[in-house]
Structure formats: structure tokens, C-alpha cells
Amino acid sequence: MSEFIRAASADEIPEDTGKLVEIDGQEIALFKSGAEICAIHNICPHAGGPLSEGGLREGRVICPWHGWEFDLKSGVSAFNPAIKVPVFKVKVENGSVFVRV
Ligand code: FES
């Protein structure tokens, strides 16, 4: 059964880009989306760009390589709804971010 694993402190996550963490051998990008923290797989399905280095626009991450955009909560591509990046459940407790992988 999967469980929540501590990934970072909430204050380590920048306002305008992501923070890369590795949990259970998976690269995961943490982002702030308004007051919420979101966790999305780091690898862009287009050509493997690092989503953790992407910018943010209206709740979406913009891949730094060719600009594909993915909703931070659902992982769905803004351009092609058939393309989706895995997203992970997040909880924040006492300033620590926990991710369920
Ligand atoms: S690798 Fe992400 S848009 Fe091309």
C-alpha cells in the first residue's frame, strides 16, 4: 500500500517555478498553485523535458523545452487532453510536504 512520504519543507518551494525531489526512485516536481501545493511527475511526455524547471501560468506548468502546458492538479495537457502526466496526492503538515507515490 502506498503511503505519504516527506518530500520537502513547504517554504523550499519557489513561487514561480518548481522544486525537484526524488521519492522511491521517481522524479517528482513540487509546485505552488495559489495556496495549494501540487506534485507532478518531472518528465515531460513530449521529449523528456524537466517540468520542475518550468514556469507557471494559471495553474499550469509550462515545460521549459518546447512550451507544452500541463494542469498541475490533473496533469492533463492544455493542448491535447489525451496526454497526461502522472500527478500525486499531497498533504502539508507542520510546514512539511508529504507526497503519496
Ligand atoms: S519536452 Fe516538454 S514540451 Fe518538449
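In case you missed it, the structure is sitting above this.
This text gives an overview of the structure that appears in the document. (Residues numbered from 1 in each chain as written. Predicted model: local features only at pLDDT ≥ 70, side-chain atom pairs only at ≥ 80, totals over all residues. Heavy atoms only, no water.)

Attention now moves to the sheet that holds strand β6 (residues 60-62). An order of β5-β6-β7 is seen for the three strands of this open sheet, with the pairing classed as antiparallel. Of all the strands in the sheet, just β5 (55-57) and β7 (69-71) have a single pairing partner and so form its edges. Each strand of the sheet is rotated relative to its neighbour by a mean of 30°, with strand direction disregarded. Sheet topology note: the β5/β6 ladder contains three bridges and is antiparallel. Of the residues in β6, the one forming a bridge with Gly55 is Ile62. (Pairing = 2+ DSSP bridges. Helix = DSSP H or I, 4+ residues; strand = E, 2+ residues; numbered from the N terminus. Axes fitted to C-alpha atoms, helices over the stretch in contact; angles between N-to-C directions.)

Under the definition given, this model contains six salt bridges. In this structure, Glu93 and Lys91 form a salt bridge, with 3.6 Å as the shortest nitrogen-oxygen distance. Classification of Glu93 by relative accessible area gives partly exposed; the value is 40%. Here the salt bridges share partners, and the residues they tie into one network are Arg57, Arg60 and Glu69. (Salt bridge = Lys/Arg side-chain N within 4 Å of Asp/Glu carboxyl O. Buried < 20%, exposed > 50% of the residue type's maximum accessible area, 1.4 Å probe, protein only.)

The next subject is the sheet that holds strand β9 (residues 96-100). Strands sit in the order β1-β9-β8-β4-β3-β2 across an open sheet of six strands; the sheet is antiparallel. Each having just a single partner strand, β1 (4-9) and β2 (19-23) make up the two edges of the open sheet. Adjacent strand axes in the sheet meet at a mean angle of 35° when their direction is disregarded. Inspection of the sheet shows strand β3 (residues 26-33) paired to strand β4 (residues 36-41) by six bridges, in the antiparallel sense.

Let's shift gears to the packing of aromatic side chains. Counted under the stated rule, the structure contains one aromatic pair. Here the aromatic rings of Trp68 and Phe70 are separated by 6.5 Å at their centres, their planes lie at 50°, and the arrangement is tilted. Just above the ring of Phe98 sits the side chain of Lys91; from NZ or CZ to the centre is 6.0 Å. (Phe/Tyr/Trp six-rings, centres within 6.5 Å; stacked < 30°, edge-to-face > 60°. Lys NZ or Arg CZ within 6 Å of the ring centre and 35° of its normal.)

Another aspect to go through is unusual backbone geometry. Positive phi outside glycine occurs at Asp24, with the angle close to 55°. For Asp24, the location among the structural elements is in the loop between β2 and β3. For Asp24, a relative accessible area of 66% corresponds to the exposed category. A positive phi is found at Glu58, a non-glycine position, where the angle reads about 45°.

Counting residues in each nonpolar core, the largest one holds 13 residues, and the members touching the most others are Val21, Ile28, Leu30, Val97 and Val99. Counting only elements with at least two residues in this core, the list comes to β1, β2, β3, β4 and β9. When near neighbours in sequence (up to four residues on either side) are disregarded, Val97 contacts Ile5, Arg6, Ala7, Ala8, Ser9, Ala10, Ile13, Leu30, Ile37, Val90, Lys91 and Val92. Formed by 11 residues, the second largest nonpolar core is a distinct cluster that contains Ile40, Cys44, Val61 and Leu72. (Core = buried A, V, L, I, M, F, W, Y, C linked by side-chain atoms within 4.5 Å. Contact = heavy atoms within 4.5 Å.)

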